[in-house]
Amino acid sequence: MKKYYLIAKNTWDEMLTYRASFVMWRVRNIIQLLTIYFLWSAVIPPGKNLLGYTQPLMLTYILGTSLMDSIVLSSRTYAVGNEINSGNLMNFLLRPVNYFSYWFARDLGDKLMNICFAITELTLIFLFLRPPFFFQTDPFYLLFFIFSTALSLLMYFFINFLLGLIGFWSPEIWAPRFIFITILGFFAGSLFPLDILPRTIYEILKFLPFTYLMYFPIKIYLGHLSIFEILSGLSISAFWVFAIYFIVKLIWRKGIRSYTAYGR
Amino acid sequence: MGGNTRILKYIKLWFMMTGMVSQNTFVSRFGAVLFLLGKLIRFVFFLFFLLIIVSRTQAIVGYTLWQVILFYITFNLIDSLAQFFLREVYRFRNYVVSGDFDYFLTKPVPVLLRLLFGGSDILDVPIILLSVGFIFAALSNIGGVTIPNLLIYLVLVINGLVISMSFHILVLAIGVLTAEVDNTLWLFRDITQMGRFPIDIYKNPLRQIITFIIPVGVMVTFPAKAAMGLLSFNIVLISLLVGGLTLYFSTRVWQFSLKRYTSASS
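Criteria and thresholds
Residues numbered from 1 in each chain as written. Chains lettered and ligands numbered in written order. Predicted model: local features only at pLDDT ≥ 70, side-chain atom pairs only at ≥ 80, totals over all residues. Helix = DSSP H or I, 4+ residues; strand = E, 2+ residues; numbered from the N terminus. Rg over C-alpha atoms; globule rule 2.2 N^0.38 Å. Contact = placed C-beta atoms within 7 Å. Buried ≥ 20, exposed ≤ 12 C-beta atoms within 10 Å, placed from the backbone. Expected span 1.5 Å × (residues − 1). pLDDT = per-residue confidence, 0-100. Core = buried A, V, L, I, M, F, W, Y, C linked by C-beta atoms within 7 Å. Axes fitted to C-alpha atoms, helices over the stretch in contact; angles between N-to-C directions. Parallel < 35°, antiparallel > 145°, perpendicular 65-115°, else oblique. Nonpolar A, V, L, I, M, F, W, Y, C, P; charged D, E, K, R; others polar.

So, the overall build of chain A
Line of reasoning, step 1. The helix and strand inventory of chain A stands at 11 helices and two strands.
Line of reasoning, step 2. In sequence order, chain A lays out its α and β elements as α-α-β-β-α-α-α-α-α-α-α-α-α.
Line of reasoning, step 3. Compactness check: chain A gives a C-alpha radius of gyration of 20 Å against a globular reference of 18 Å for 264 residues, within 12% of the reference.
Line of reasoning, step 4. In chain A, the proportion of contacts linking residues at least 24 apart, taken out of those at least 6 apart, comes to 81%.

What to know about the overall build of chain B
Line of reasoning, step 1. Secondary structure summary: chain B contains 12 helices and zero strands in total.
Line of reasoning, step 2. From first element to last, N terminus to C terminus, chain B shows the α and β order α-α-α-α-α-α-α-α-α-α-α-α.
Line of reasoning, step 3. What you see for chain B is a C-alpha radius of gyration of 20 Å, in line with the 18 Å of a compact globule of 266 residues.
Line of reasoning, step 4. With respect to the three principal axes, the spread of C-alpha positions in chain B is 60 × 45 × 35 Å.
Line of reasoning, step 5. Considering chain B as a whole, with its 266 residues, one finds that 38% of them fall into the buried category.
Line of reasoning, step 6. Long-range contacts, defined as pairs at least 24 residues apart, comprise 80% of the intrachain contacts of chain B with a sequence gap of at least 6.

What to know about helix 8 (residues 147-178) of chain B
An α-helical turn contains 3.6 residues, so any two residues separated by three or four positions project in the same direction.
Line of reasoning, step 1. Here helix 8 of chain B contains 32 residues, and its C-alpha end-to-end distance of 46 Å stays within 8% of the 46 Å for a straight helix at 1.5 Å per residue.
Line of reasoning, step 2. In the stretch just after helix 8 of chain B, A179 of chain B is the one whose phi turns positive, near 65°.

Digging into the confidence of the model for chain B
Line of reasoning, step 1. On average, residues of chain B score 90 in pLDDT, and 98% of them reach the 70 mark or higher.
Line of reasoning, step 2. Listed scores for the predicted complex are pTM 0.89 and ipTM 0.86.

A closer look at the environment of R6 of chain B
Line of reasoning, step 1. Looking at the element boundaries, R6 of chain B is found in helix 1 (residues 3-25).
Line of reasoning, step 2. For the pair R6 of chain B and V109 of chain B, spaced 103 residues apart in the sequence, the C-alpha separation amounts to 9.9 Å.

Looking at helix 1 of chain B
Line of reasoning, step 1. Under the 1.5 Å per step criterion, the end-to-end length of helix 1 of chain B is 33 Å for 23 residues, consistent within 8% with the ideal 33 Å.
Line of reasoning, step 2. Within helix 1 of chain B, only one of the 23 residues are buried, which leaves the element largely exposed.

A few points about the nonpolar core
Line of reasoning, step 1. By size, the foremost hydrophobic cluster in this structure holds 125 residues, and its most contacted members are M155 of chain A together with L70 and L172 of chain B.
Line of reasoning, step 2. The leading source of residues in this core is helix 8 of chain B, at 13 residues.
Line of reasoning, step 3. In contact with L172 of chain B, not counting residues within four places along its chain, are V89, F92, L115 and W254 of chain B.

Concerning the packing of helix 7 (residues 139-164) of chain A against helix 10 (residues 215-222) of chain A
Residue and element names in this part refer to chain A.
Line of reasoning, step 1. Orientation of helix 7 relative to helix 10, taken along the N-to-C sense of each, is 175°, at an axis distance of 8 Å. On the basis of their axis angle, the class for helix 7 and helix 10 is roughly antiparallel. Only F216, P217, I220 and Y221 of helix 10 make contact with helix 7, whose side of the interface consists of Y141, F144, F145, S148, T149 and S152.
Line of reasoning, step 2. Of the residues assigned to the contact of helix 7 with helix 10, the class counts are seven nonpolar, three polar and no charged.

Regarding the interface of chain A and chain B
The accessible area lost on association of the parts is a frequent measure of interface size.
Line of reasoning, step 1. Taken together, the contact between chain A and chain B spans 25 residues of the former and 28 residues of the latter.
Line of reasoning, step 2. Elements represented by at least two residues in the side of chain A that touches chain B include exactly helix 2 (19-43) and helix 8 (174-187) of chain A.
Line of reasoning, step 3. Per-element tally for the side of chain A that touches chain B: the top contributor is helix 2 of chain A, with 11 residues.
Line of reasoning, step 4. Split into classes, the residues belonging to the side of chain A that touches chain B amount to 19 nonpolar, four polar and two charged.

Some words on the environment of F46 of chain B
Line of reasoning, step 1. Take F46 of chain B: it is sitting in helix 2 (residues 29-57).
Line of reasoning, step 2. Between the C-alpha atom of F46 of chain B and that of Y72 of chain B, which follows or precedes it by 26 residues, the distance is 8.8 Å.

Brief notes about unusual backbone geometry
Line of reasoning, step 1. Following N204 of chain B, the chain continues into P205 of chain B via a peptide bond in cis, with omega recorded as 5°.
Line of reasoning, step 2. One non-glycine residue with positive phi stands out, namely L51 of chain A, at about 50°.
Line of reasoning, step 3. Structurally, L51 of chain A can be placed in the loop between strand 1 (49-50) and strand 2 (53-54).
Line of reasoning, step 4. Residues other than glycine seldom take positive phi values, yet A179 of chain B does so here, at roughly 65°.
Line of reasoning, step 5. On the secondary structure map, A179 of chain B appears in the loop between helix 8 and helix 9 (182-193).

Points about the packing of helix 2 of chain A against helix 9 of chain B
Line of reasoning, step 1. Running from N to C, helix 2 of chain A and helix 9 of chain B cross one another at 5°; their axes reach a closest spacing of 9 Å. Relative to helix 9 of chain B, the element helix 2 of chain A is oriented roughly parallel. Counted together, S21, M24, V27, R28, I31, Q32 and T35 of chain A of helix 2 of chain A and N183, W186, L187, D190, I191 and Q193 of chain B of helix 9 of chain B form the full contact between these two elements.
Line of reasoning, step 2. Residues that form the contact of helix 2 of chain A with helix 9 of chain B fall into these classes: six nonpolar, five polar and two charged.

Section: the environment of L8 of chain B
Residues and elements named next belong to chain B.
Line of reasoning, step 1. Within the secondary structure, L8 sits in helix 1.
Line of reasoning, step 2. Residue class for L8 comes out exposed when judged on the 12 C-beta atoms lying within 10 Å of it.
Line of reasoning, step 3. Through-space distance from the C-alpha of L8 to that of F92 is 25 Å; in sequence the pair is 84 residues apart.

Following this line, the structure appears as C-alpha cells:
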C-alpha cells in the first residue's frame, strides 16, 4: 500500500515541479467555467425559471461541474497509450507493481491537486461574483452524491484506461481520444444539465455512461431526483463500472498477449 | 527581386510546405478521418447546444437563434482560418528546443513568415467551408442585411484575422524568450472561445476587458454585430485601429524577443 501512496505523492510533486504549466491549465479552466457561468446567468435572469432551473440552481450546477471535473475527469491515464506505443510498458511489467493500481494511484495524486485548486478557484469566484448558490444540507442527498461521485470516478478511470489500450494495436491513440473528449464535453453535462434536452434524447442518454460522470451526481446534490430515480441511476452507474472494468481486463489480457515492445 | 515576384515566391513556398504537412497528416488516414470527424462533431454539437438554449428561451440577451448562430459561426470561421493558416505556431516549441529555429534564421525567407505560415492544416478546410455555408444561411435568415453592412462584416472579419495573427506573433515572441508556447497558445484560444457567444452576456468590467484590452470582442463579435447593423461607424473605425495597434505591438515584441534570443538548444 505504501508504494502506491508514494506513487500518488510523486505525481503530486511532479505537478509542483511544473508549476507554471499547471497554473496555466487551471487558469484555462477558470476561463472556460466563467464563459458558461455568464452564459447561463444571462439566459436565466433572477426570478426566472427554465424547465425547473432557477438561476441559483443552474449556477450551482455549472459551478458544481468545475468541482466534478477535478474529482472525476482529472486523470493521468491518457498516457497509457503512449507507454504501450513507446515500449515503456515493459518497464512496468518487470516491476513488482500492479499496472492498474499504479495508474489509479497517479490519478489520485492528480485529482487531489486539481481538487485543491478547484476549491480555491470556486472560493475566489464566490468572493468576487457572489453568485446565488444552492447549499444542500440534507445528509441523505449528500451521502448519495458522494457515493455516485465515487462510482463516476471509477467509471472514468476505466473508460480512459480502455482508450489507452488502443495502443496495443494502433499508434493512432490521440484521434479516438479527441472524439471521446468531444462527445464527453457534450453528453457528460458540463455545458448544461442534460434534462433540458428533448425528452427522447434524454431518455436514451439515461442508459449511457456519460450521463453518470457529472450530470447525475450533481442532480443528486441539487435534490432534484426521487429515491427511485437515484437508485435506478446508481444501478446503471454500477453496471457500467463493472461492464467497463471487465472489458478493460479482457482487452488488457488480449493486448499483453500480442505485445512485442519493439525498440526496447 | 521585385515585390510581386517575392510574394509569388512566398505563395509557392506556402503551397509546398502545406503539401508536405498534408502528406504527413495523411500518413495515418484513419487518424486523419477521426480528427476530421471529431471537428465536425464538435461543430454540430455546439450548434445543437445553441439551438436547445434558444428554443427554450426564445432569445439570448435579445438575440434570435440565427443571430446567435451568426455570432458562433463568425467566431468559428475566424478561429478555423487562423488555425488553418497559422498551424505552424503549434509546432514552434519543438523548433526552439530542437535547435531548428536557428536553422530557420539562416534561411533566405523572413523567419516570422516561415513560423506563421510554414504549413497549413488541411483538416480545417471542411470546417471553413461549412462555416461559410452557415454564414450565408444565417445572413439570409436574419434578413435586412444591407450590402454596406456586409462589406463592413468582411472588413471586420479580416481585421479579426489580423488580431488573431498578432496574438500568434505574441505567442511566438514569448516562445523565443521562455521556450513556453503550448500553454500560452491554449490560453489565447480559451480566451477567444469567450467570443462564441455575443459578448453582451458578460458583465463589466469583464466585457470591457475582452472587448478592448484582450480584443476578443473586436476580433469575433463585432463583425457579426456589423452585419446586423448594430455597430456605429465610429466603433468600426476604433475596431480597425485596435487591429492595427495589436499588430504593431506584437511585431515590436517579436523584434524585441529576437534581439534577446540566445539559441537555447543548439
